[in-house]
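# Architecture and fold: a report
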Amino acid sequence: MMTIDSGNDAFADFRAGFPALRSQTYLSICDKMILHDDVRASVDVFLDHLAMASAVRTDHEVRVASAREKFARLMNVAPETIAATRNVSDGTNSIAWAMPWKEGDNVVLTSDAEHPNNVYPWLRLRERGVQVRVVAADAEGAVDADAMISAMNSRTRVVAAASATFAPGHRTDLRKLGEAAERSDVLLLVDGVQTAGIFRHDLSAEPVGAFATSTSKGLLGLYGFGFLYVSPKWIDRLHPAYLSRSSVLQKTDDHSTMGGFDWEYQPDSRRFEVGSYNLAGAYAADASLDRLLALGGDAIEARVLRLASMFHEGVSALGLKPAVPGSGPRQSHILTLGELDAGGHGFSSDPVIEPLSAFLKQRRIAHTIRRGQMRFGLHAYNDETDIDAAVGALRDGLQSLRAQA
Ligand SMILES: Cc1ncc(COP(=O)(O)O)c(C=O)c1O
């Protein structure tokens, strides 16, 4: 067997910190995070402070600033471009309501490739006279960057796309979309939750207007905490729908001081921060980002892509056809099997997918069924033993199904 990890102690050490990996093969990061011991310990520090009333809010908020700075480093941008938010929906809705729309303007998106949380925020704008231009996914079910560009016109203000779709899982050509958007003064809004922490994003070089994510997947934090990057090129044109003390420029750190009725927005992405933070989420992200930064974005991406190719090869050798390619720019950490939309969330009408899924569950191979497809997702804690376990279980599962037929 080819070994990709020999001598790679940093990844082995990282893997050893996840209790979940001692009792299962976890191939479901596209569904949700698992917690590293450091992350849990960081949240425990917060809970201990709450239990003992041993810290004040501003002590905790140091962790928000720290998490913001670390996420900014991971994305290669200045910390001021990052707002601490709750989740993807918070970020997409923030942009949707901050854009100075005029009746007849439009937004371009691909509803049949997007998670609903990157569709509903735009549909709601119809009430304000904004046209929602829905482009079909391509024949593979991926975001069709060329078709989206063709759908843009002089009234387009926003083009919205996932960095990788939640199913079937292709990565999107953000550069192509972003360059076209930039040429036409259109904001590219990226739902980045599937790739943040797994694939390298350099937002100072990529033509992305805004990038919304939560920490509940590849960033390995908690639910209900996330980040919104907004490019400095856009910030002055975006006026948030919600306002609270944190969104407004302040002269003092006193949380209850207003400083008069004349106010100005924060000059940067903090204008999108509203009220108290999810502090437990900030403590978690502060610790998980340490781990991700220590491994390095490039090394994580390279490892995940190598494992994904190995998985693709193993699965293809069984006669199964992954829906996402095993190499090239569309390859991702997600591998899906079965026919797209032959079912939904947790169920499939494909005669093979559900029994195979039940077989894998018995073997404790964590995965999900989404849009009727069996879905797996990889991260830096995975190694080749996980790929062998999954491919072996799929092989045995198929044999057992054939024996029953
Ligand atoms: C592509 C994508 N966007 C958004 C979400 C979730 O959105 P939110 O963070 O608002 O709950 C998911 C969750 O599965 C997702 O896969």
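In this report, we go over the structure that sits alongside the text. (Residues numbered from 1 in each chain as written. Predicted model: local features only at pLDDT ≥ 70, side-chain atom pairs only at ≥ 80, totals over all residues. Heavy atoms only, no water.)

Turning next to helix α4 (residues 88-98). Of all 11 residues making up α4, eight are buried, and the element is well covered by its neighbours. Those residues of α4 not exposed but buried are Val88, Asp90, Gly91, Thr92, Ser94, Ile95, Ala96 and Ala98. Elements that come into contact with the buried residues of α4 comprise β2 (82-85), α5 (120-123), β6 (187-191), β7 (210-214) and β8 (226-230). At the N-terminal end of α4, a side-chain oxygen is found 3.3 Å from the backbone nitrogen of Ser89, two or three residues along, and the residue is Asn87. (Buried < 20%, exposed > 50% of the residue type's maximum accessible area, 1.4 Å probe, protein only. Helix = DSSP H or I, 4+ residues; strand = E, 2+ residues; numbered from the N terminus. Contact = heavy atoms within 4.5 Å. Polar contact = N/O pair within 3.5 Å; in protein donor to acceptor, adjacent residues only side chain to side chain.)

At a minimum axis distance of 10 Å, the contact between helix α10 (residues 297-317) and helix α12 (residues 384-404) shows a crossing angle of 20 degrees. Looking at the two axes, α10 sits roughly parallel to α12. Of the two possible hands of crossing, α10 and α12 adopt the one that is right-handed. Listed contacts from α12 to Leu307, Met310, Phe311, Gly314 and Val315 of α10 are Glu384, Ile387, Ala390, Val391 and Leu394. Classifying every residue of the contact of α10 with α12 by side-chain character gives eight nonpolar, one polar and one charged. (Axes fitted to C-alpha atoms, helices over the stretch in contact; angles between N-to-C directions. Parallel < 35°, antiparallel > 145°, perpendicular 65-115°, else oblique. Left-handed = near helix turned anticlockwise from the far one by under 90°. Nonpolar A, V, L, I, M, F, W, Y, C, P; charged D, E, K, R; others polar.)

Under the counting rule described, the total for this entry stands at 28 salt bridges. Note that Arg330 is salt-bridged to Asp138, the shortest N-O span being 2.7 Å. Of the two residues, Arg330 is situated in the loop between α10 and β9 (334-337) and Asp138 in the loop between β4 (131-134) and α6 (145-151); the sequence distance between them amounts to 192 residues. With relative accessibility at 26%, the residue Arg330 sits in the partly exposed group. A salt bridge links Asp185 to Arg237; the nearest nitrogen and oxygen atoms lie 2.8 Å apart. A residue pair is termed long-range when its members are at least 10 positions apart, and Asp185 in the loop between α7 (174-183) and β6 and Arg237 in the loop between α8 (232-235) and α9 (279-295) qualify at 52 residues. (Salt bridge = Lys/Arg side-chain N within 4 Å of Asp/Glu carboxyl O.)

With that out of the way, let us pick up the packing of aromatic side chains. Considering all chains together, one arrives at seven aromatic pairs under this definition. Seen in terms of ring centroids, Phe71 and Phe227 are 4.3 Å apart; in terms of plane orientation they differ by 5 degrees. Their pairing is stacked. In this pair, Phe71 sits in helix α3 (residues 57-75) while Phe227 sits in strand β8, placing the two residues 156 residues apart along the sequence. A residue is classified by how much of its surface remains accessible, and Phe71, at 0% relative accessible area, is buried. Geometrically, the ring pair formed by Phe311 and Phe376 is edge-to-face, given 5.2 Å between the ring centres and 80 degrees between the ring planes. With Phe311 in helix α10 and Phe376 in strand β14 (residues 373-377), this pair connects stretches of sequence that are 65 residues apart. Here Phe311 matches Phe376 in class, with each residue buried. Among the aromatic residues, those joined into a cluster by ring pairs are Phe14, Phe18 and Tyr381. We note Arg171 situated over the ring of Phe199; from NZ or CZ to the ring centre the distance is 4.2 Å. (Phe/Tyr/Trp six-rings, centres within 6.5 Å; stacked < 30°, edge-to-face > 60°. Lys NZ or Arg CZ within 6 Å of the ring centre and 35° of its normal.)

Turning our attention to the nonpolar core. Grouped together as the largest cluster of nonpolar side chains are 92 residues, with contacts concentrated most on Phe311, Phe376 and Leu394. Of the residues forming this core, the biggest block, 10 residues, is contributed by α9. Not counting residues up to four positions away in its chain, the partners in contact with Leu394 are Phe311, Val315, Leu318, Leu337, Leu356, Leu360, Met374 and Phe376. Ala83, Ile95, Ala98 and Val132 belong to the second largest nonpolar core, which has 25 residues in total. (Core = buried A, V, L, I, M, F, W, Y, C linked by side-chain atoms within 4.5 Å.)

Residues of strand β3 (residues 106-109) alternate between two faces, with Asn106 and Val108 on one and Val107 and Leu109 on the opposite face, all of them buried. By the bridge criterion, four bridges tie β3 to β4 in an arrangement that is parallel. Within the sheet, the bridge partner assigned to Asn106 lies in β4 and is Gln131. (Pairing = 2+ DSSP bridges.)

A few words now on the site of the ligand. If you check the shell around the ligand, you find Asn87, Val88, Ser89, His115, Asn117, Phe166, Asp191, Val193, Gln194, Ser214 and Lys217 and nothing else. A distance of 2.4 Å separates an oxygen atom of the ligand from a polar side-chain atom of Ser89. Within the contact set of the ligand, an oxygen atom lies 3.0 Å away from a side-chain nitrogen or oxygen of Asn117. When the residues that make up the shell around the ligand are grouped by side-chain class, the tally is three nonpolar, six polar and two charged. (Near = heavy atom within 4 Å.)

Right, let's talk about the sheet that holds β14 for a bit. Pairing within the open sheet is antiparallel, and its three strands lie in the order β9-β14-β13. The open sheet is flanked by β9 and β13 (368-370), the only strands paired with a single partner. Sheet twist, expressed as the average angle between the axes of neighbouring strands with direction ignored, equals 35 degrees. Relative to β14, β13 is paired through three bridges, and the arrangement is antiparallel. Bridge pairing links Ile369 to Met374 in β14. The sheet strands contacting helix α11 (residues 353-362) are β9, β13 and β14, and the helix crosses β14 at an angle near 35 degrees.

The strand order across the open sheet formed by seven strands is β2-β8-β7-β6-β5-β3-β4, and the pairing between neighbours is mixed. Only two strands of the sheet have a single neighbouring strand rather than two, namely β2 and β4. Between one strand axis and the next, the sheet turns through 20 degrees on average, direction left out of account. Where β3 and strand β5 (residues 156-162) come together, three bridges link them in parallel fashion. Bridge assignment links Asn106 to a residue of β5, and that residue is Thr156.

Our focus in this paragraph is the environment of Asp388. Residue position: Asp388 is located in helix α12. Note: C-alpha distance between Asp388 and Asp202 (186 residues apart in sequence) is 32 Å.

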